[in-house]
Each structure stands twice: as structure tokens, then as C-alpha cells.
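# Structure at a glance
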Amino acid sequence: SHGSTPHLAISPVRVASHIVTGLDSIISTNIDSKHRVAMSINCIQSGSTYNVIPETGSLKGTLRAFNIEAREKVKEKVEKIVRGICESNDCEYTLKFDDIHPPTINTEKETETVISVAKRVLGEEEARTQDVAALASEDFSYYLLERPGVF
């Protein structure tokens, strides 16, 4: 449909915008702050010109969490929000989560060993640790599911 007749089309750009806005508060209003969870929509694709309302659109993003229950709760809320917005706008949707890697969680004993060796080799001043665990996506996590270790 042409941009001059928006009443004749369902704009996937408008719907996608509502979805992104709706998803924005899931973590702050549904997940205990003690659980580190990060979700971001990093790709919106729709249309190829300024004056034609496109037929389709897509959103892509990432969801990361150390706590599996928290991650599943976020996924359920995403489904509810996407379904509600799409139904209220008379459009169809497909929602797919690709759980690429499980969380990378170092084991305590091995972490202490690495810190001890680093202090001995590098000295107390140069051996540093992160104050907050990173929510990086890493295939090393599969090793940590099978054996104790540290990344």
C-alpha cells in the first residue's frame, strides 16, 4: 500500500515499534534484580523505500541470563506481548527463540585456583577479576556443563 493510504494497510513498522516499546519493560517489572538478565532488540527490518508501506517486517535480538527460570519467564512475557500487539493490530507473527549457548558459569574451586596462579605469576596488583559476571554468549559453556572449569 502507498504511504498516502495508511488506512488500507497494516504497517509492520508501526507494529514493530509497539513491540519494541512493549518489550522494554519486561525485565524491570517481572524479574528480580538479583538475577542478571539482558534483552535487547538490535535489528528491525522492513521495507525498502520511504513512501510504500511494507508487507512484512522482522525483529531480531538477544536474551541472556544466568538463571534459567528467569530466562524462561522473560520468554513467556515476550510471547504474551508480541501476541497481544499483533492480535490488536490484526496481523500475523512468528516468534522463534534460538537458545544458542547455555550460560557460561565458572565453578568456584577452579576460579579460585586461576586467581591464585594469576596473583603468583602477575603479582597482586596486576591480577584482576571482574566485579560483575559478563552475560557473554560463549560455546565454552558446553564444557562447563560437563566438567568443572573457568573461562
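Residue numbers run consecutively from 1 along every chain, following the written order of its sequence. Per-residue local features of the predicted model are confined to residues with pLDDT of at least 70, and side-chain atom pairs are confined, for both listing and counting, to 80 or more; whole-chain, interface and lining totals are unaffected and use all residues. Hydrogens and waters are ignored; side-chain quantities use all the structure's heavy atoms.

### So, the pattern of salt bridges
A pair is scored as a salt bridge if a Lys or Arg side-chain nitrogen falls within 4 Å of a carboxyl oxygen belonging to Asp or Glu. In the structure shown here, the tally under the stated rule is six salt bridges. Note that glutamate 124 is salt-bridged to lysine 119, the shortest N-O span being 4.0 Å. By sharing partners, the salt bridges in this structure join Arg71, Glu72 and Lys75 into a single network.

### Some thoughts on the packing of aromatic side chains
Working definition: a ring pair exists when centres of Phe, Tyr or Trp rings (six-membered ring for Trp) sit within 6.5 Å. Plane angles under 30 degrees give stacked, over 60 give edge-to-face, the rest tilted. Summed over all chains, the structure comprises two aromatic pairs. On the numbers, 5.5 Å between centres and 50° between planes, the contact of phenylalanine 140 with tyrosine 143 is tilted. The rule is simple: take the accessible area with a 1.4 Å probe, protein chains only, and divide by the maximum for that residue type; under 20% is buried, over 50% is exposed, in between is partly exposed. Residue classification places phenylalanine 140 among the partly exposed positions, given a relative accessible area of 24%. On the numbers, 5.4 Å between centres and 40° between planes, the contact of phenylalanine 140 with phenylalanine 151 is tilted.

### A closer look at the side chain of arginine 71
Position of arginine 71 relative to the elements: it lies in helix α3 (residues 68–88). Given the relative accessible area of 12%, arginine 71 is considered buried. The contact rule is simple, with two residues in contact once any of their heavy atoms fall within 4.5 Å. The contacts of arginine 71, once residues within four sequence positions are left out, are Leu63, Ala65, Asp99 and Pro103. Working definition: helices are DSSP H or I runs of at least four residues, strands are E runs of at least two. Numbering for both runs from the N terminus.

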